[in-house]
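Observations on the three-dimensional arrangement
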Amino acid sequence: MNANTLSPSPVVSSKSEVIVAHGSFVDVLRQGALFQRLTLDAAAYGVPAVAADGTIYALDVNGKLYAFMPQKSNIDDYLFNSDNRYRRWALALGAAPTTSPVIGPNGFVAVGANGLHLIRPDGFKFKSHSVNGQIVGAVAWDGDQALYIATTNGYFGKLNFFCPDNALCQTNHSVGVTPAYTTPPLVAYGSAFAGRSDGKLIKFMTNQSFQADSAITAGPVAGPAGQILIGTQNGTIYSLKQDLTVRWQRNIGEAVRSIPAFSADALYIVSGNRLRAYDPFGGAPLWDRVLGGDIGYGSVAVGYGRELYMQTSSGKVLAYGEGWQPAPILVEAKPVALGNGRQLIRLEVTLAISNVTSAADTVQGLLIQRSVDDGEWRDLTILPPGATVFSDTNVMTDVEYGYRAQVLDANGNDSEFTETGQSAQSLPALPQAPVLKSVTPDSADSLRLTWDAPVDVVDFYLIERGDNQAGPFEQVGKVSGEATTSVDSGGLTPGATYHYRLIPLNESGEGPASNVVAGTTKQRTLPAPQNLAAKLVDGDMIEVTWTGAPDGVTAVVELTVFGFEGYEPLGNIPSAGPFVHFASDLTAYDYRVKFVQGNNESEYSYTQQSVLVGEQVEANLYLPMVQR
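Note on numbering: residues in each chain are counted from 1, in written sequence order. Owing to the predicted nature of the model, reporting of local features is limited to residues with pLDDT of at least 70; listing and counting of side-chain atom pairs is limited to 80 or more, with chain, interface and lining totals taken over all residues. Hydrogens and water are ignored here; the side-chain numbers use all heavy atoms of the structure.

1. Quick notes on the sheet that holds strand β13 (residues 140–141)
Read from one edge of the open sheet, four strands run β13-β14-β15-β16, paired in antiparallel fashion. Both edges of this open sheet fall to β13 and β16 (169–174), since each of them pairs with a single strand only. What makes two strands pair is DSSP finding at least two bridges between them. Secondary structure elements follow DSSP: runs of H or I of four or more residues count as helices, runs of E of two or more count as strands, with numbering from the N terminus.

2. Overview of the packing of aromatic side chains
Two aromatic rings, drawn from Phe, Tyr or Trp (for Trp, its six-membered ring), form a pair once their centres lie within 6.5 Å of each other, and the interplanar angle then sorts them: stacked below 30 degrees, edge-to-face above 60, tilted otherwise. For the structure on display, the rule yields 14 aromatic pairs. Seen in terms of ring centroids, Y66 and F68 are 6.1 Å apart; in terms of plane orientation they differ by 5°. Their pairing is stacked. Summarising the burial analysis for this pair, Y66 and F68 share the class buried. Between F210 and Y238, the ring centres sit 5.1 Å apart and the planes meet at 70°, which makes this aromatic pair edge-to-face. Linking F210 in strand β20 (residues 209–211) with Y238 in strand β23 (residues 236–240), this pair joins segments that are 28 residues apart in sequence. In terms of burial, F210 and Y238 fall into one category: buried. An aromatic cluster of three or more residues is present, and its members are Y148, F156, Y181 and F204. Lysine NZ or arginine CZ positioned within 6 Å of the ring centre and within 35 degrees of the ring normal marks a charge as sitting over the ring. One cation-aromatic arrangement involves R404 over F417; the distance from NZ or CZ to the ring centre is 3.8 Å. Relative accessibility under 20% of the residue-type maximum defines a buried residue, over 50% an exposed one, and the middle range a partly exposed one, all with a 1.4 Å probe and only protein chains included.

3. Remarks on the environment of R404
Inspection of the secondary structure puts R404 in strand β37 (residues 400–409). Separated by 72 residues in the primary sequence, R404 and E332 have C-alpha atoms spaced 9.2 Å apart. Contacts described as polar in this section are N or O atom pairs within 3.5 Å, which, within protein, must combine one atom able to donate a hydrogen with one able to accept it, while residues neighboring in sequence count only if both atoms come from side chains. In terms of polar contacts, R404 uses its side chain to reach the side chain of Q369, at 2.7 Å.

What follows is the structure, encoded as structure tokens:
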């Protein structure tokens, strides 16, 4: 196998895009029309791969691997992938490829090109490993992040690049023996399988094998009900059990070149200028379609709504439908609060645009199903044709619900189900009332509230204030649901009594109010400090002094730093002072002081000139007075 013999095949993305590599392009098709053309630096090779995030990986015949990533868009601070893709990176592997790119469970991309290369999603080569011969067609990833490869030199092995101590763990079934392997490995049913040019299908690390009538040219692939399918040079399709005994076989009259593909009840083969469908459980022919004089390439891709896609020798991409309804493109579920603890989950379904008029005419409706905590799917309703919105009002609080939708057809050709991308978490119960414990004076113009939180989910507390026990109350603050204390400093009068209550709030709405507690601000009866001054005494030591303190009061010293608004408590000392502060930064400092005695306090006095610490602070720097 060389860089020009691997037949291209279409790939269908989770958004029902058909992705095809041809010439020096990778085309993204939607509803039979070109949506976006991505350009390579040389002719495309093999089959592209599509990651879960929509990134397309493609190869060219020179061995350059490309990553085309969806562009990011930001709407209302929500970041999401747009439909358009851009070339994020391209990496030259240094040799012509022999396999298509295959994405592993960790997002790494494996490619065969004069050895095996493992590429990180950011475009850097993680590791490379030389192999005995050229890798055939594709690698197969196992669930434990190991890779299986089969080569033209008769090597069939399991490689793990993620072993401890940065080592390569390797298990060999066969090494450098003839005949050559002719198919990529299949990982299924707890083992791996690969076909050879002598017609043998080999089961990894066992003595089991199956002898076909000639060289194995297609497969192996896992089919319905645990079967394994292969095709041969002599044109025979074999359906094998897991122990490699024959379930059924059928000859199609020419070499089997395409890997069999499946829908729920049919097996599809491209053979020459024909697309053939067989019963996967017995091999009986179901139907036969001529490709309009064209020759089919590669294998069939089975899309949503059981659309069948294939590439042809003329460059066309053909789509055949079996009359099945196309599956919905997107199902979105979002909880909605209705107030008073009531809620619903709103479901919006985006339908595919059908190109088949008769199929559209036979739509009977839209079946909506729901599962609870990943449990059994149960019918909810059938929406009439054309309806795409449903409100699920029978929901409990704090439960994960999954939803899926299916287009129903009058002839029984119902679509596949489309599920929500993630479960919908219903809203929490309304929070119970918190217990307001105390309202104590913080100063002559502020009061401190403390409370016990309820056990329910609380996002915020609304702080309400009134002039008496019965109200009326007005909102004067809003704090986090994690808080259990808050200070109200919103223009309170010295020596005045105020009444407070709390309202808990979460996504479901407002819970009941707490109990009402009153508090009285301190009196402002003491004289203010006189002659307040601050000076730099030695290096970083600042001395704050004042006069006029009555006997028995406490002086409260507060600080503000250049560039910051508002004051922070610094310390309390007996009335006479002085207060010594050691500066921690080279900047400018200002101070204010008040006297406190029991429930009485004074006005603040402010230093009139900043204390400068450090040569980089300009002289004669004054701060604006900021009072609260």
